[in-house]
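Examining the three-dimensional arrangement
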Amino acid sequence: MATQVSAVECRSSERIALPCSIIVATGVQTGEGRVLNLSKSGCLVEAPILIKAGDYLQMRLFLPHTDLSMWVSVAVVQWALGFRFGVEFIEVDEKHRTRLNHFLATGKDPWTLAL
């Protein structure tokens with residue numbers, strides 16, 4: 001008998017609820033949506049585009065309380081159900097990854113702290 005492993009058990013880092021806007025591009029289609037939760041290694045997205053597990057994406061996340069965005073140059077869809085899908089970040093520029101990690105740890109964007 002096969003056993004099921006939940007998505008929570010497979011995650012490499014904790015996700016936090018963080019609703020924010022996102023633009024997702026597959027190379028064939030582009031759509032606006034929202035992030036429902038976020039971690040250092042991925043996020044849960046809701047967007048009105050057809051996505052399936054294994055698809056590669058580019059994403060621009062608009063973190064709350066800032067006018068600046070975070071760019072994910074390559075992400076892979078781990079699972080999809082309707083218009084919701086779980087994404088793993090594969091390639092993120094170091095400055096954006098550092099910014100994301102700081103934001104997740106403090107709830108503040110380090111780029112706006114210097115202003």
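Below you will find a few notes about this structure. A quick note: this is a predicted structure, and the numbers were derived from the prediction, not measured.

1. With respect to the overall build of the chain
Assigned secondary structure in the chain consists of 3 helices and 6 strands. The secondary structure elements of the chain, listed N-terminal to C-terminal, are α-β-β-β-β-β-β-α-α. In the chain, which comprises 115 residues, the share counted as buried stands at 37%. Of the contacts formed within the chain by residues at least 6 apart in sequence, a portion of 48% connects residues at least 24 apart. Carbon and sulfur atoms make up 55% of the accessible area of the chain, which totals about 7,000 Å².

2. Things to note about the environment of glycine 86
Among the structural elements, glycine 86 can be located in strand E6 (residues 84–91). Sequence-wise, glycine 86 and alanine 75 are 11 residues apart; in three dimensions their C-alpha atoms are separated by 10.0 Å. Here glycine 86 is in contact with Cys43, Leu44, Val76, Val77, Gln78 and Trp79, once residues within four sequence places are set aside.

3. Here's the deal with the environment of glycine 33
Within the secondary structure, glycine 33 sits in strand E2 (residues 30–38). Between the alpha carbons of glycine 33 and isoleucine 49 there is a distance of 9.0 Å; along the sequence they are 16 residues apart.

4. A short note on the sheet that holds strand E4 (residues 56–62)
Two orientations exist for strands paired in a sheet by backbone hydrogen bonds: parallel and antiparallel. Read around the closed barrel, 6 strands run E1-E2-E3-E6-E5-E4, paired in antiparallel fashion. Sheet twist, expressed as the average angle between the axes of neighbouring strands with direction ignored, equals 45°. With 5 bridges joining them, E4 and strand E5 (residues 70–81) adopt antiparallel strand pairing. By the bridge assignment, leucine 61 is partnered in E5 with methionine 70. Helix H2 (residues 94–106) contacts strand E1 (16–25), E2, E5 and E6 of the sheet and is inclined by roughly 65° relative to E5.

Reading guide: rules and limits
Residues numbered from 1 in each chain as written. Predicted model: local features only at pLDDT ≥ 70, side-chain atom pairs only at ≥ 80, totals over all residues. Heavy atoms only, no water. Helix = DSSP H or I, 4+ residues; strand = E, 2+ residues; numbered from the N terminus. Buried < 20%, exposed > 50% of the residue type's maximum accessible area, 1.4 Å probe, protein only. Contact = heavy atoms within 4.5 Å. Areas by Shrake-Rupley, 256 points an atom, 1.4 Å probe, with all protein chains shown as cover. Pairing = 2+ DSSP bridges. Axes fitted to C-alpha atoms, helices over the stretch in contact; angles between N-to-C directions.

Functional significance is not addressed by these values, which are geometric in nature.
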